[in-house]
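Here's the letter readout for the chains.
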Amino acid sequence: MPSSERFPCVTRRGFLVGTAAVLAAGCIRTPQNQEYAPVTPVRPAGPATTGGDGSGLTYTVERGDTLYSISRRAGIPVADIENANPRSSDPPLRPGTRLWLPGAIAIIGTTAAPPTTTPEVAGKGEPYRLVPRSTWTDAKIGPKREPMGKVLKITVHHTDEGERLAEVPDAELLKRIDNYHREGRHWPSIGYHYLVGRDGEICNIYEGRPAQFKGTHTLHNNSNNLGIAVMGDFMHKLPTPKQLRALRAFLDDSRSRFSVSLTQVYGHRELSASSCPGDALFAWLKDYRAGRAG
Ligand SMILES: [Zn+2]
């Protein structure tokens, strides 16, 4: 998040809440008397857009694999795997079956350290659920996109959208941020790779910019840097226990997936001039790096 106009960051409260600047730009069709546009419900996953540029990995199913475990290890949604492999992904998965994993740029190997939790199926008790980009936007990634290359570090943000948007549904906030980043900042898409949501019993982690593309979230430090934003303002208070549990598990999973050490997990403020991800979340992040985060 921005700490000043001199170092603009990824969201700007005035823009997101529907100021005259937004209306003048014409990028959000919002009646003047509404604080935000009508909520568009998250629709069921359609054809996968992740990896629409042809990127991805082929993976050979091993004994004991499930779609969900593959999804977790590759960091792509189950729906994207199903859409890319319409018949061969029918459960139960048969060892030896080759699956195309659209948009995947790495997968945690079976010999690697397992994620924090390795559930067989998605359901109650899971720390998070990955939600495909295709469920919340049809927007293509713009032509100015650049390849990510190897992920070497991970940066944590908060979205810091301000009190007036503190209660809006995840889908609305995603669209607000995406609109601002594309229309206001002229970036190829929403700048973050993943966003930790607020809605629902199981924490949703939304795919933002597909991880095979370099993000736009940390000024002068976007190269090889995976950007994860937690929805909310965490200057003075922590995310909800549900969000923190999801963030911790997702950081663990992402570190395993990309072989990133704890010392290469940053708060935005450590890499460019910003107060992001807020004092409270940054304190939690320091505990996480020290192995103390609950
Ligand atoms: Zn930030």
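In this text the structure is predicted, and so the values were computed from the model without any measurement.

Asker: When you look at the overall build of the protein in this model, what are you seeing that I'm missing?
Answerer: What the protein contains, in helices and strands, is seven helices and eight strands. The 294 residues of the protein split such that 48% are buried. For the protein, the proportion of contacts with a sequence separation of at least 24, taken over those separated by at least 6, is 75%.

Asker: Before we go on, may I ask you to explain unusual backbone geometry in this structure?
Answerer: Of all residues except glycine, most have a negative phi; of all peptide bonds, most are trans. In this structure, P277 follows C276 across a cis peptide bond, with omega equal to 10°. Structurally, P277 is set in the loop between strand 8 (265–267) and helix 7 (279–289). The backbone of D160 shows a phi angle near 50°, a positive value even though the residue is not glycine. Positive phi, normally seen in glycine, also occurs at H220, with a value near 65°. Looking at the element boundaries, H220 is found in the loop between strand 6 (204–207) and strand 7 (225–230). Here H220 falls in the exposed class, since 9 other C-beta atoms lie within 10 Å of it.

Asker: What exactly am I supposed to notice about the environment of G278 here?
Answerer: Residue placement: G278 occurs in the loop between strand 8 and helix 7. A count of 26 C-beta atoms within 10 Å places G278 in the buried class. Sequence spacing of G278 and D233 is 45 residues, and the spatial spacing of their C-alpha atoms is 7.0 Å. Not counting residues within four places of it along the chain, the set of residues in contact with G278 comprises H158, D160, D233, F234 and M235.

Asker: Sorry, what's going on with the nonpolar core here?
Answerer: Among soluble globular proteins, nonpolar side chains are generally buried collectively. Among the nonpolar cores identified, the biggest contains 59 residues, and I81, L195, V196, I205 and I228 are the most heavily contacted of them. The element best represented in this core is helix 6 (residues 241–258), accounting for six residues. Each of domain 1 (13–29 + 130–289) and domain 2 (56–124) contributes no fewer than three residues to this core. Look past the residues within four positions of I205 in its chain and what remains in contact with it is Y128, L130, V131, Y194, V196, G197, A246 and F250.

Asker: Which parts of the structure should I look at to understand the environment of H217?
Answerer: Examined against the element boundaries, H217 turns out to sit in the loop between strand 6 and strand 7. Accessibility expressed as a C-beta count within 10 Å gives 30 for H217, which makes it buried. Through-space distance from the C-alpha of H217 to that of H268 is 8.3 Å; in sequence the pair is 51 residues apart.

Asker: Please explain the pairing of strand 4 (residues 153–158) as it appears in this structure.
Answerer: Consecutive residues of a regular strand have side chains that alternate between opposite faces of the sheet. With respect to burial, strand 4 is a largely interior element, five of its six residues being buried. Here strand 4 runs beside strand 7; their pairing, made up of six bridges, is parallel. Within strand 7, the position partnered with H157 by the bridge is A229.

Asker: Mind showing me how you'd approach the confidence of the model for the protein here?
Answerer: Keep in mind that low pLDDT regions are not for reading the predicted coordinates in detail. With 76% of its residues at a pLDDT of at least 70, the protein reaches an overall mean of 80. Overall, residues 18–50 carries pLDDT values under 50, and its contacts beyond four positions in sequence, including any with other chains, amount to 60 contacts. Below pLDDT 50 for its whole length, residues 111–123 participates in 23 contacts with residues either more than four positions away or in separate chains.

Asker: Can you walk me through helix 5 (residues 170–184) in this structure?
Answerer: Count 3.6 residues to each turn of an α-helix, and residues three or four apart come out pointing the same way. Relative to the 21 Å expected for 15 residues at 1.5 Å per residue, helix 5 spans 20 Å between its end C-alpha atoms, a close match to the ideal helical length. Helix 5 sits mainly inside the fold: eleven of its 15 residues count as buried. What helix 5 keeps buried is the set D170, A171, L173, L174, K175, R176, I177, D178, N179, Y180 and H181. Of the residues flanking the end of helix 5, it is H186, one or two places downstream, whose phi is positive at about 60°.

Asker: How do you make sense of the environment of L174 when you look at a structure like this?
Answerer: Of note, L174 is situated in helix 5. Remark: the alpha-carbon pair of L174 and T137, spanning 37 residues in sequence, is separated by 9.0 Å. If we skip the residues at most four places from it in the chain, L174 touches W136, L195 and Y206.

Asker: Sorry, what's going on with the sheet that holds strand 8 here?
Answerer: Sheet strands pair by backbone hydrogen bonding; their relative direction is either parallel or antiparallel. Ordered in space as 3-6-5-7-4-8, the six strands form an open sheet in which the pairing is mixed. Of all the strands in the sheet, just strand 3 (129–131) and strand 8 have a single pairing partner and so form its edges. Put simply, the sheet's adjacent strands are angled 25° from each other on average, direction ignored.

Rules of the game
Each chain has its residues counted from 1, running along the sequence as written. For a predicted model such as this one, the threshold for reporting local features is a pLDDT of at least 70, and the threshold for listing and counting side-chain atom pairs is 80 or more; totals across whole chains, interfaces and linings nevertheless cover every residue. Only DSSP runs of H or I reaching four residues or more are called helices, and only runs of E reaching two or more are called strands; each is numbered from the N terminus. With C-beta atoms placed from the backbone, a residue is labelled by how many other C-beta atoms lie within 10 Å of its own: buried for 20 or more, exposed for 12 or fewer, partly exposed between the two. A pair of residues counts as a contact when their C-beta atoms, built from backbone coordinates, are separated by no more than 7 Å. Here, a nonpolar core means buried Ala, Val, Leu, Ile, Met, Phe, Trp, Tyr and Cys residues linked by C-beta atoms lying within 7 Å of one another. Segmentation of the chain into domains, including their bounds, is taken from an automatic or database domain assignment. We call two strands paired when DSSP finds no fewer than two bridges between them. Each residue carries a pLDDT score, the predictor's own confidence in it, on a scale running from 0 to 100. The span one expects for a helix is its residue count, reduced by one, times 1.5 Å. Interaxial angles span 0 to 180 degrees and are taken between N-to-C directions of axes, which are lines fitted to C-alpha atoms, for helices over the stretch in contact.

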